[in-house]
Amino acid sequence: MFNLQTERSDSLISVQDLSVRFYLESGVVNAVEHLSFTARKGLGFGIVGESGSGKTVTALTIMGLLAAPPGRIDSGKIMFNGTDLLKNSQEEMRRLRGKRIAMIYQDPMTSLNPVLKVGFQIGEALTIHEKMPQREAEKRAIELMTATGIPEAEKRAQEYPHRFSGGMRQRIMIAMALATKPDLLIADEPTTALDVITQAQILSLLRDLQQKHNMTVILITHDLGIVAQVCDEVLVMYAGHGMQLDTVQNVFSHPNHPYTRGLLESTTRADRDVKRLSSIPGSIPDLINPPTGCRFHPRCPLADKKCAREEPPALAVKAGAYSKCWHPELS
Amino acid sequence: MEALLKVEKLSKHFKVKRTLTEMTRNAPRVIKAVDNISFEVQRGGTFGLVGESGCGKTTATKVILGILKPTSGHVFFEGDDVHGKLAKSRYKQVHREIQAVFQDPAGSLDPRMTIGQIIREPLDIHRSGTTDSREETARKMLDAVGLTAEQYERYPHELSGGQQQRVAIARALTLHPKIVILDEPVSALDMSVRTQILNLLKDLQSEFGLTYIFVAHDLSVVRYMCDHVAVMYLGRIAENCATSELYEHPTHPYTMALLEAVPVPDPLARKTPTSNLRGSMPSPINLPTGCRFHTRCPHAIDKCKTIEPDLLEVTKGHLASCHLADTFVTEAEVS
Amino acid sequence: MTSELSIYRLRLANFWRGYSRNRGAAFSFFFLIALISIAIFADYLFPRNFEAPDISREMLPPSLSNPLGTDYLGRDQVALIAFGARTSLIIAFAAGGLLAVIGTLAGLLAGYHGGRMEGLIMRFADIFLTIPTLPLILVIVSLTGPSLLNVMFAIGLTSWPVMARVVRSDTLALMKREFIEIEKVMGASARRIVFRHLLPNQLNSIFVYTSLSIPVVILTEAALEFLGLAPLSVSWGFMLNTSLSYWILGTWWMSFIPGFAIFITALAFYFVSEGLKEALNPKLKRRRESLVVQLADRKK
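Keep in mind that what you see is a predicted model, and the values were worked out from it rather than measured. (Residues numbered from 1 in each chain as written. Chains lettered and ligands numbered in written order. Predicted model: local features only at pLDDT ≥ 70, side-chain atom pairs only at ≥ 80, totals over all residues.)

The helix and strand tally for chain A stands at 11 helices and 12 strands. Relative to the compact-globule value of 20 Å for 331 residues, chain A shows a C-alpha radius of gyration of 20 Å, a close match. A principal-axis box enclosing the C-alpha atoms of chain A has dimensions of 65 × 50 × 40 Å. For chain A, with 331 residues in total, the buried portion stands at 49%. In chain A, 64% of the contacts between residues at least 6 apart in sequence involve partners at least 24 apart. (Helix = DSSP H or I, 4+ residues; strand = E, 2+ residues; numbered from the N terminus. Rg over C-alpha atoms; globule rule 2.2 N^0.38 Å. Buried ≥ 20, exposed ≤ 12 C-beta atoms within 10 Å, placed from the backbone. Contact = placed C-beta atoms within 7 Å.)

Set out below in structure tokens:
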């Protein structure tokens with residue numbers, strides 16, 4: 001299996017050969033298999049995939065929030081700042097979470113505690129991890145709220161979550177996440193529940209903060225447009241496997257994986273008129289009984305007998321980029 | 001040529017339950033979900049209805065379908081008022097000719113019925129033909145939407161989201177309607193399946209000579225499917241014109257803001273999606289005075305705060321409800 | 001003609017296969033069949049004069065000659081249980097069925113139409129809910145006279161409101177689902193929507209709630225017996241009630257036997273309803289070939 005260089009000085013987090021499975025009564029769900037990627041410091045790293053691709057499971061595994069039974073990490077390493085996160089104890093992960101690694105979720109409506117004031121919740125990370133006194137934490141919370149674009153922050157810090165709109169709540173989430181100046185922020189579909197205008201505002205905020213604080217952002221999404229505009233490197237996942245990893249420029253201009261190519265060719269565009277889009281036939285496979293060999297082969301126009309038999313290795317395209325396909329040149 | 005469907009000054013207001021304190025404060029009593037909208041749908045085309053959630057597009061379709069009654073205004077189908085006094089047979093016919101496909105693929109299928117029964121349902125309701133002919137039609141529709149014959153006896157939960165949506169489409173077409181309202185038909189589906197369904201819809205449109213009303217919030221999908229688009233904001237139509245016009249030469253600030261905000265899957269067209277809109281969408285209970293959009297509009301002038309703009313023709317076939325629409329037209333032509 | 005019958009038989013066979021997968025349900029089904037048979041044929045199984053008191057044999061514990069002991073009047077409890085089954089089963093089916101039908105109809109109508117009709121029905125239901133059940137039944141039965149029919153009606157008529165509430169809330173939840181809206185768009189009549197789409201999707205709650213009401217019904221009948229407002233003196237509920245005064249004497253079989261009979265019958269009803277629920281749930285039906293294919297296979 002392909003092993004990404006972890007010795008690169010600018011890598012912040014490096015996932016190596018990660019496999020996560022869920023052992024259920026109805027069968028074993030192969031959520032993530034042999035996944036490898038590296039996210040570099042201060043860059044926007046996108047993970048693109050549809051449902052069942054394993055992107056959220058990956059994020060939860062990095063955070064140490066995987067539901068341990070029935071989930072199980074069957075193999076792999078996650079190197080972060082020199083330590084393997086998978087070898088950390090619960091206590092060690094708890095100390096990391098919220099301090100060095102933060103996460104924001106898709107649904108801002110349910111991510112906040114409805115009975116606690118917003119300022120308090122934002123300051124919580126500081127009181128827990130940096131042992132800051134309450135008053136100071138709330139002052140910092142107000143600063144953070146202003147930094148994330150919430151007007152009249154001082155007044156609003158005293159309000160409860162239900163008084164805020166979806167976009168505002170997402171900003172609160174971001175403020176919470178940034179309180180301890182983490183090195184890594186994982187954003188799992190942070191704008192899916194928002195309207196397109198609020199989405200633009202949140203994405204531009206994330207981009208600004210990322211550049212200002214030199215923070216690595218792992219952005220999980222299914223929207224290729226978001227990846228193209230906001231990320232520097234991207235990992236394309238399908239049915240638990242990492243299919244292609246490269247810079248955003250390369251993935252979009254030379255998609256040398258049939259799945260990536262298929263996705264790009266089937267994406268609707270608001271910026272140009274398209275007479276007819278081609279579509280990927282078939283549907284997403286069952287993760288309990290995934291296809292043999294390459295997971296994408298039943299839907300792939302280039303598939304041959306080898307693809308059905310053997311899982312392709314992640315062929316290095318160049319340093320830090322790969323394509324998991326037997327026929328990447330033909331793509 | 002007479003339009004197939006004509007919506008004329010349609011309004012739908014909902015009464016709001018107020019608490020005692022709200023009543024004493026004279027808080028508003030109604031949500032103007034749809035407020036005085038008018039548009040025409042031409043035969044054989046695909047008319048898009050775009051807007052964010054809460055703009056009233058779904059409410060408007062429910063009135064067109066007859067599920068809701070209008071507060072005021074009319075919906076004319078082939079010249080007949082859908083909610084008016086019609087002969088019983090014509091009434092039934094009108095309602096048969098306008099069908100719908102909704103967003104949630106699993107939710108729109110009765111979990112206790114087989115796929116075959118679901119597709120046959122409209123025929124069973126109207127008792128057309130014999131049991132055998134109904135089954136035959138249903139099987140044909142199953143095939144037409146790309147499902148296999150053996151799926152006739154399966155249950156909805158045995159099918160994937162995309163397949164379920166195909167069933168919903170087959171069912172909608174069984175009665176050979178003239179208009180099909182598609183309310184976010186692909187929003188709940190995965191990307192790789194979306195285009196399959198969109199292409200299927202296009203093919204069926206030419207095969208069966210259908211007219212579509214396509215409701216969506218995703219501007220890229222609308223551009224692919226529709227030849228004519230109306231943009232809605234807080235219950236009113238902001239802009240209504242041919243698709244290419246809307247995307248190339250928008251004249252309403254809301255439309256322009258939407259287009260600027262859409263992230264484009266092309267890293268070379270590199271502009272982080274931005275928005276120079278202020279504030280957030282007002283609640284439909286407390287509508288702003290004057291132009292509903294003025295609280296967020298970067299171009300708002302004094303007039304916008306007091307006078308609500310009418311939907312007027314800006315250039316041929318291009319309508320917009322903005323006091324400054326003309327200024328945007330000249331700019332577009334110059335650029 | 002033959003093929004129609006064969007399809008019918010096939011459907012039945014398929015149904016039984018699905019139903020009997022729940023062994024508790026299958027067993028309970030046979031148990032109830034046995035119980036019903038005993039109740040029907042009790043006349044032939046036991047002497048005519050089982051009801052005659054025999055002071056010489058009062059309150060005897062279970063023995064070879066009286067496997068379930070005798071009651072306070074010296075009567076053999078086996079016969080009493082068998083004849084008592086008649087009353088209890090009739091009441092259970094009749095009153096239970098009545099409350100299920102009225103409650104379901106009321107709930108469906110209230111949930112589907114909403115507005116004034118819902119208000120009317122639910123306020124009417126509230127009347128029954130605020131007045132304590134037993135006194136109300138007492139009033140009804142004392143006014144109409146202590147016949148089995150009256151008892152059945154009285155119990156059924158006073159117990160439907162809770163069922164109506166359950167069905168109404170299920171109906172309201174279903175009304176929000178898109179497939180109901182589509183039915184309206186397609187022009188389905190209210191009747192079709194209510195009986196073909198709303199009702200079948202609520203069978204779960206209806207079965208469960210009905211089966212849970214059975215023991216309540218049986219015991220309510222017992223109370224009526226005790227107060228002299230029901231006609232038959234042989235019923236499980238009555239046996240249970242009268243035996244309680246004799247507890248001090250240590251005659252556990254006089255209470256335990258009828259109590260156990262009520263318990264196990266109620267349990268059987270519950271399992272049967274669970275079995276029906278599972279058998280009718282399309283999500284649990286294993287993939288099987290179409291009926292036509294199955295028929296063809298059989299013919300080979």
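Attention now goes to the nonpolar core. Residues B:I213 and B:F214 are the most contacted members of the largest nonpolar core, which totals 253 residues. It is helix 3 (residues 77-113) of chain C that contributes the most residues to this core, 17 residues altogether. Residue contacts for B:F214: discarding those within four places in its chain leaves B:T46, B:F47, B:G48, B:L182, B:V222, B:M225 and B:C226. (Core = buried A, V, L, I, M, F, W, Y, C linked by C-beta atoms within 7 Å.)

So, about helix 10 (residues 236-243) of chain C. Taking burial as the measure, the 8 residues of helix 10 of chain C include 6 buried ones, the bulk of the element. Along helix 10 of chain C, the residues that are buried comprise C:W236, C:G237, C:F238, C:M239, C:L240 and C:S243.

Take the environment of C:P135 next. Residues and elements named next belong to chain C. When you line up the elements, P135 lands in helix 5 (residues 133-144). Classification of P135 as exposed rests on a count of 10 C-beta atoms within 10 Å. Taking the C-alpha atoms as reference points, P135 and F27, separated by 108 residues in sequence, lie 37 Å from one another.

Turning our attention to the interface of chain A and chain B. Counting residues at the interface gives 40 residues for chain A and 35 residues for chain B. Looking at the side of chain A that touches chain B, the elements with two or more residues in it are helix 7 (196-213), helix 8 (224-230), helix 9 (248-253) and helix 10 (258-266) of chain A. Tallying contributions element by element places helix 7 of chain A first for the side of chain A that touches chain B, with 8 residues. Considered class by class, the residues forming the side of chain A that touches chain B number 17 nonpolar, 16 polar and 7 charged. (Nonpolar A, V, L, I, M, F, W, Y, C, P; charged D, E, K, R; others polar.)

Here chain A averages 88 in pLDDT, and 97% of its residues register 70 or above. Here residues 1-7 of chain A is a poorly scored stretch, pLDDT under 50, and it has 21 contacts once near neighbours within four places are set aside; other chains count. (pLDDT = per-residue confidence, 0-100.)

All names here are of chain A. As summarised here, the arrangement of the 8 strands in space is 6-7-8-3-9-10-12-11, forming an open sheet in which the pairing is mixed. Taken across any chain shown, the strands that pair with only one partner, and hence form the sheet edges, are strand 6 (101-104) and strand 11 (314-318). When the angles between neighbouring strand axes are averaged without regard to direction, this sheet yields 20°. Two elements, strand 11 and strand 12 (residues 321-324), share 4 bridges in a ladder whose sense is antiparallel. In the sheet register, K318 faces strand 12, and the bridge partner there is A321. (Pairing = 2+ DSSP bridges. Axes fitted to C-alpha atoms, helices over the stretch in contact; angles between N-to-C directions.)

Residue and element names in this part refer to chain C. Helix 11 (residues 252-280) packs onto helix 10 with a crossing angle of 150° between their chain directions and a minimal axis gap of 8 Å. When you trace helix 10 past helix 11, the crossing you get is left-handed. Residues W236, M239, L240 and S243 of helix 10 touch helix 11, and the partners they reach there are M254, S255, P258, G259, A261 and I262. Of the residues that constitute the contact of helix 10 with helix 11, the class distribution is 7 nonpolar, 3 polar and no charged. (Left-handed = near helix turned anticlockwise from the far one by under 90°.)

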